[in-house]
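# Residue-level structure breakdown
So the chains spell out like this:
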Amino acid sequence: MIQRRTLLKTGAAAALGAPSLSSLAQQAVTLKFHTFMSPASNVWLGMHKPWMEKIEKESGGRIKFEAYPAMQLGGTPVQLYDQAKDGVVDVVWTLPGNTAGRFPRIEAFELPFMMSNAEATSKAYWEYVQTMAPDEFKDTQVLALHVHGPGVIHTVDKPVRSIADMRGLKMRAPTRQVTKLMGMLGATPVGMPLPAITDALSKGTINGCVIPWEVVPSVKVNELTKFHAEFDPAGGSLYTTTFVMAMNKAKYNSLAPDLKKVIDNNSGMATSAWLGKVQQGNDVPGRKTASDRGNTIYTVSAAEAQDFRRKSRTVEVEWVEDMNKKGFDGKKLLDTARSLIEKHSKTTKA
């Protein structure tokens, strides 16, 4: 009799609104997306927002995003990855290179003259991590891995046409390897997050910076510098930077299977390639903001780039040695990165 009354109470509770397994599956989830990019940036408007909107649509509105650009939830760009790891937020987009040396194996893609096509290199970067460094981002659920278009040199009042012109310039660089590169080229490297560039240029803390064209307007580099040195694609790109879009593991694992599938369908190599393609595609309008102001844009020819290549070779050698010291096969990592870029470049339209 007691057992019968208990069962009746349980049934009544269910009838009065206790969630069933089927209703749990229908529940919506809200994900907090956090990044350092400006809400006016190409990355935010052309990459992050469309990605979130696509997921919201494909989930039938059961996945919703609270979107926070420009570090609106607090902290610094350096802390973003750990915010996802620790569950402070649900999804982040950030530079692994913000935490120098923490993700050493992916630095292969940030070495000088590795790439020219961001879409192909992003595919290679995704495959490389899956095969050569599967535990590099083990603390999070990795959604996408990509790179930006060719890095460009931007200076306030001294044009750069050769390595000799780099001597003595205080240059901002985004990652450990690009910082080393600036030093090898004779500049005084200054590491700082992207949002700090505007203030540093306006106050004269730095004489210039290296960033791709697409991000130039969002940090006012087109207004605060007068000279730009880009590299002819035939000679390769001076550098690129790696990015990661990562999700808190517990949050991902808590999703209903069908919602998890929506996230999965918007993750991986195809999404990584799309992010890289869109980002490099915005180089053209970014470049136009500088040319429209009458700034001087110099193209370093493939022949002239050879001097930059020779001088930057030391960065590559030191990275391989550093990987070997950490217990990795540095040469194998570098060779694999190069072969994957070559493989995907053959199947990706420029």
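Before any of the text, the structure's been laid out above.
Residues numbered from 1 in each chain as written. Predicted model: local features only at pLDDT ≥ 70, side-chain atom pairs only at ≥ 80, totals over all residues. Heavy atoms only, no water.

## Details of the side chain of His148
Spelled out, the test is: Think of it this way: any DSSP run of H or I at least four residues long counts as a helix, any run of E at least two long counts as a strand, and we number them from the N terminus. Definition of a polar contact: a pair of N or O atoms within 3.5 Å, with one able to donate and the other able to accept a hydrogen when the atoms are protein atoms, and with sequence-neighbouring residues admitted only if both atoms are side-chain atoms. Should any heavy atoms of two residues lie within 4.5 Å, those residues are considered in contact.
Within the fold, His148 resides in the loop between strand S4 (141-147) and strand S5 (151-155). Polar contacts involving the side chain of His148 include one to the side chain of Thr241, which spans 3.1 Å. Ignoring sequence-local partners within four residues, the contact set of His148 consists of Met115, Ala118, Pro212, Tyr239, Thr240, Thr241, Phe243 and Gln279.

## Remarks on the pattern of salt bridges
What counts, and what does not: Within this document, salt bridges are pairs made up of a side-chain nitrogen of Lys or Arg and a carboxyl oxygen of Asp or Glu, the two lying within 4 Å of each other. Each residue gets one of three labels from its accessible area relative to the maximum for its type: buried under 20%, exposed over 50%, partly exposed in between, using a 1.4 Å probe on protein chains only.
For the structure on display, the rule yields 19 salt bridges. Note that Asp199 is salt-bridged to Lys203, the shortest N-O span being 3.2 Å. Placement of the pair is Asp199 and Lys203 together in helix H7 (residues 197-203), with a separation of 4 residues, close to one helical turn. For Asp199, a relative accessible area of 40% puts it in the partly exposed group. The partner of Arg310 in a salt bridge is Asp307, and the shortest N-O contact between them spans 2.4 Å. Separated by 3 residues within a single helix, Arg310 and Asp307 lie in helix H13 (residues 302-325), roughly one turn from each other.

## Some details on the packing of helix H5 (residues 118-132) against helix H14 (residues 330-346)
The cut-off we apply is this: Orientation is described by lines fitted to C-alpha atoms, with helices fitted over the stretch in contact, and by angles between N-to-C directions that extend from 0 to 180 degrees. Reported orientations rely on four angle classes, namely roughly parallel under 35 degrees, roughly antiparallel over 145, roughly perpendicular from 65 to 115, and oblique for the rest. By convention the crossing between two helices is left-handed if the near helix lies anticlockwise of the far one by an angle smaller than a right angle, and right-handed if it lies clockwise. Any residue that is not Ala, Val, Leu, Ile, Met, Phe, Trp, Tyr, Cys, Pro, Asp, Glu, Lys or Arg is counted as polar, Gly included; the first ten are nonpolar and the last four charged.
Two elements in contact, H5 and H14, have axes whose closest approach is 8 Å; the angle formed by their N-to-C orientations is 140 degrees. Taken together, the axes of H5 and H14 lie oblique to each other. Seen from above, H5 lies across H14 with right-handed handedness. Taking contact as the criterion, the partners of Ala120, Thr121, Lys123, Ala124, Glu127, Tyr128 and Met132 in H5 are, on H14, Lys332, Leu333, Thr336, Ala337, Leu340, Ile341, Lys343, His344 and Ser345. In terms of residue class, the contact of H5 with H14 is built from 8 nonpolar, 4 polar and 4 charged.

## Side note on the sheet that holds strand S8 (residues 208-212)
Inclusion rule: Strand pairing follows a simple DSSP-based rule, namely that at least 2 bridges must link the two strands.
Read across the sheet, 6 strands follow the order S7-S6-S8-S5-S9-S11 without closing on themselves; strand pairing throughout is mixed. In this open sheet, the two strands that pair with only one neighbour each are strand S7 (188-191) and strand S11 (296-300). Across the sheet, the axes of successive neighbouring strands diverge by a mean angle of 30 degrees, strand direction being ignored. Where S5 and S8 come together, 5 bridges link them in antiparallel fashion. Opposite Gly151, over in S8, you have Pro212 as the bridge partner. Strands in contact with helix H6 (residues 176-184) are strand S6 (170-173), S7 and S8; relative to S6, the strand with the most contacts, it is inclined by about 160 degrees.

Just geometry here; none of it tells us what the structure is for.
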